[in-house]
Amino acid sequence: MTLNQYTPEEDISSIATALAPAALGIVRTSGKKCIELISKVFSRPKALLEAKGNSLVYGWIKDGENIIDEVMLAVYRAPKSFTGEDMVEIFCHGGPAVVTAIQNLMLKNGFRQANRGEYTFRAYINGKTDLTKAEAVKEIIDSHTDISRSHAAGRLAGNLFEEIDSIKKLIIDTLAAIEVEIEYPEDEETIADSFNRDDILLAEKRLTNLAESWKGEKLYQDGARVVLAGRTNAGKSSLFNAILKEERAIVSDIEGTTRDWLESWASINGIPVRLFDTAGLRETSDVIEAQGVELSKNLANDADVVLYLVDSTTGLDENDKSFIKNCREPLITVYTKCDLEQGRCGAAEEKKTAPLEGEGEDGSAGCTGGETSPVCYISSKTGEGIAELFNKISGILMSGISTEREQAGLGSARQKEAVCEALECVKHAIISADDNYTLDAVVQDLEDALDFLGEVTGDVTPDDVLGSIFENFCVGK
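Residues numbered from 1 in each chain as written. Predicted model: local features only at pLDDT ≥ 70, side-chain atom pairs only at ≥ 80, totals over all residues. Heavy atoms only, no water.

1. Brief notes about the packing of aromatic side chains
No. 1: Under the definition given, this model contains 2 aromatic pairs.
No. 2: On the numbers, 4.8 Å between centres and 25° between planes, the contact of Tyr308 with Phe323 is stacked. With Tyr308 in strand β10 (residues 305-311) and Phe323 in helix α11 (residues 318-326), this pair connects stretches of sequence that are 15 residues apart. As far as burial versus exposure is concerned, Tyr308 and Phe323 are alike and both buried.
No. 3: Geometrically, the ring pair formed by Tyr335 and Tyr377 is stacked, given 5.2 Å between the ring centres and 15° between the ring planes. (Phe/Tyr/Trp six-rings, centres within 6.5 Å; stacked < 30°, edge-to-face > 60°. Helix = DSSP H or I, 4+ residues; strand = E, 2+ residues; numbered from the N terminus. Buried < 20%, exposed > 50% of the residue type's maximum accessible area, 1.4 Å probe, protein only.)

Take a look at the structure:
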């Protein structure tokens, strides 16, 4: 999508709620004439035309003499609206036929169908939001857990904009000091001594922290792949259901019940994960089951974490040991059905029974390269050990990611790329000063850094970048 498709002078309308039976449906409109246009199909045109901003007007939407629906109109007057323009939101009954009929009537009476993200784009060009907040809108819509939603809400509230703005001020203050030195030079032994470096060093540190925040934010946005693997009847489907807290997978004592894989989003200590329940690993002459076994192996090879389940009442066999040893992905050995073996789900630091066959004295199982994989004892039936398992999974996924960050985090790969470019410019400016380059060279580096930070917030942004951002929004936003 190109920016010339976003034409702010036109009045736009779109359905803002899902087309499914519901108590309420919303048709959203925006534009200079939107109030006037809707008044022509509203039972109380005078009341609507005279309505103040941030007010509600009750009435009926009509197509000539034909009544479509009883509605409430939420009226917003420019510039105190989401888009910065006049807006009207039509609250109607939520039947798909009703909502569609009202939208079609809008299009017939002077409105244009809104493009993806056009409301947020208008908010951006009218100075109601910056790009970090605009992108946060989509992040909230796409969030899978409370933590990912909370991080996005922080950016929507402006914490990332404020952090970028604060870093820009440090750079601008340094630039101002250098410009003074250029205009009124004094005898300095080196360029590095001609201005106070504290601000620019602090900017470097804060940019570094911002760049490093993307790894964790990406995990909370995109989620991770967690695959349940193991022999037939190891308890994979039971654990799958226990994590989801619903009966999604069929559980049976009959081997080979799960022949294909199931997947669902789940939250592991606030981290969104795509959880996969796979077919049991075994030799089989059944062609369909054999395909399921092969799919299970492929999924495990592409996982962020593999949970290899072992029936604690039978222990490890040679196939289990071979899979654990050769697995190339992070793996946790999970002994299941521990409610059937007294003491197996006791405190993690104390094993009350002897190690299972094939298990090390420290409670670990063999893994790739002679390393050991974490081991967990659980009961899907009673829930014992599930919390410990979650801690082990999140520990692997959060490895190398700082959890002590006090400032805002980056919300997109685009932001990360721009911040990294700004960081390189700041680092080069420091090196230039240390190597006694001219002050003009340092100034150029710092000005380039400001330009890259301007791309994050939208102060300086190419049109193709804007088109790419807003075309991924839903139509009603």
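2. With respect to the sheet that holds strand β5 (residues 87-93)
No. 1: Sheet architecture is open: 6 strands sit in the order β3-β4-β5-β2-β1-β6, paired in mixed fashion. Two strands lie at the open edges of the sheet, namely β3 (55-63) and β6 (112-113), each paired on one side alone.
No. 2: Pairing analysis gives 4 bridges linking strand β1 (residues 12-15) to strand β2 (residues 24-30), with the strands arranged antiparallel. By the bridge assignment, Ile12 is partnered in β2 with Ser30.
No. 3: Helix α3 (residues 96-108) contacts β1, β2, β3, β4 (66-76), β5 and β6 of the sheet and is inclined by roughly 150° relative to β5.
No. 4: On top of the sheet, helix α4 (residues 118-125) reaches β1, β2, β5 and β6; it is set at about 140° to β1, its chief contact. (Pairing = 2+ DSSP bridges. Contact = heavy atoms within 4.5 Å. Axes fitted to C-alpha atoms, helices over the stretch in contact; angles between N-to-C directions.)

3. Some words on the packing of helix α5 (residues 131-142) against helix α6 (residues 146-156)
No. 1: Between α5 and α6, whose axes approach to 8 Å, the crossing angle comes to 155°. Taken together, the axes of α5 and α6 lie roughly antiparallel to each other. Between α5 and α6 the crossing geometry is left-handed. Residues Thr132, Lys133, Ala136, Val137, Glu139 and Ile140 of α5 form the contact with α6, whose participating residues are Arg149, Ala152, Ala153, Arg155 and Leu156.
No. 2: Residues belonging to the contact of α5 with α6 are distributed by class as follows: 6 nonpolar, 1 polar and 4 charged. (Parallel < 35°, antiparallel > 145°, perpendicular 65-115°, else oblique. Left-handed = near helix turned anticlockwise from the far one by under 90°. Nonpolar A, V, L, I, M, F, W, Y, C, P; charged D, E, K, R; others polar.)

4. Side note on the packing of helix α13 (residues 413-434) against helix α14 (residues 439-457)
No. 1: Where α13 contacts α14, the two axes come as close as 8 Å, and the packing angle between them is 165°. By the criterion of interaxial angle, the relationship of α13 to α14 is roughly antiparallel. When you trace α13 past α14, the crossing you get is left-handed. Residues Arg414, Gln415, Ala418, Val419, Glu421, Ala422, Cys425, Val426, His428, Ala429, Ser432 and Ala433 of α13 form the contact with α14, whose participating residues are Val442, Asp445, Leu446, Asp448, Ala449, Phe452, Leu453, Glu455 and Val456.

5. A closer look at a negative patch on the surface
No. 1: Together, Glu179, Asp440, Glu447 and Asp451 make up a region of like negative charge exposed at the surface.
No. 2: Sorting elements by how many residues they give to the negative patch places α14 first, with 3 residues.
No. 3: As for its position among the elements, Glu447 is in helix α14.
No. 4: In this structure Glu447 comes out as partly exposed when scored by relative accessible area, which is 35%. (Patch = residues over 30% accessible without salt bridge, like charges linked within 9 Å, V, L, I, M, F, W, Y side chains within 5 Å. Areas by Shrake-Rupley, 256 points an atom, 1.4 Å probe, with all protein chains shown as cover. Salt bridge = Lys/Arg side-chain N within 4 Å of Asp/Glu carboxyl O. Lys, Arg positive; Asp, Glu negative; His and termini not counted. Charge placed at Lys NZ, Arg CZ, Asp CG, Glu CD.)

6. With respect to the nonpolar core
No. 1: Within the largest apolar cluster, 32 residues are counted, with the highest numbers of intra-cluster contacts made by Ile171, Leu207, Val419 and Leu446.
No. 2: Contributing elements (two or more residues each) for this core: α7 (159-183), α8 (198-222), α13 and α14.
No. 3: Apart from the residues lying within four places of it in its own chain, the contact partners of Leu446 are Ile171, Thr174, Leu175, Ile178, Ile200 and Ala429.
No. 4: Grouped together as the second largest cluster of nonpolar side chains are 29 residues, Val305, Leu307, Ile332 and Ile393 included. (Core = buried A, V, L, I, M, F, W, Y, C linked by side-chain atoms within 4.5 Å.)

7. Structural notes on the pairing of β1
No. 1: Sheet topology note: the β1/β6 ladder contains 2 bridges and is parallel. Across the sheet, the residue bridging to Ser13 is Gln113, located in β6.

8. Some remarks on the confidence of the model for the protein chain
No. 1: Predicted confidence across the protein chain gives a mean pLDDT of 82, with 77% of residues reaching 70 or more.
No. 2: Per-residue pLDDT stays below 50 along residues 250-259; that stretch engages in 26 contacts with residues further than four places along the chain or on separate chains.
No. 3: Of the regions scoring below 50 in pLDDT, residues 341-370 engages in 55 contacts with residues more than four places distant in sequence or in other chains. (pLDDT = per-residue confidence, 0-100.)

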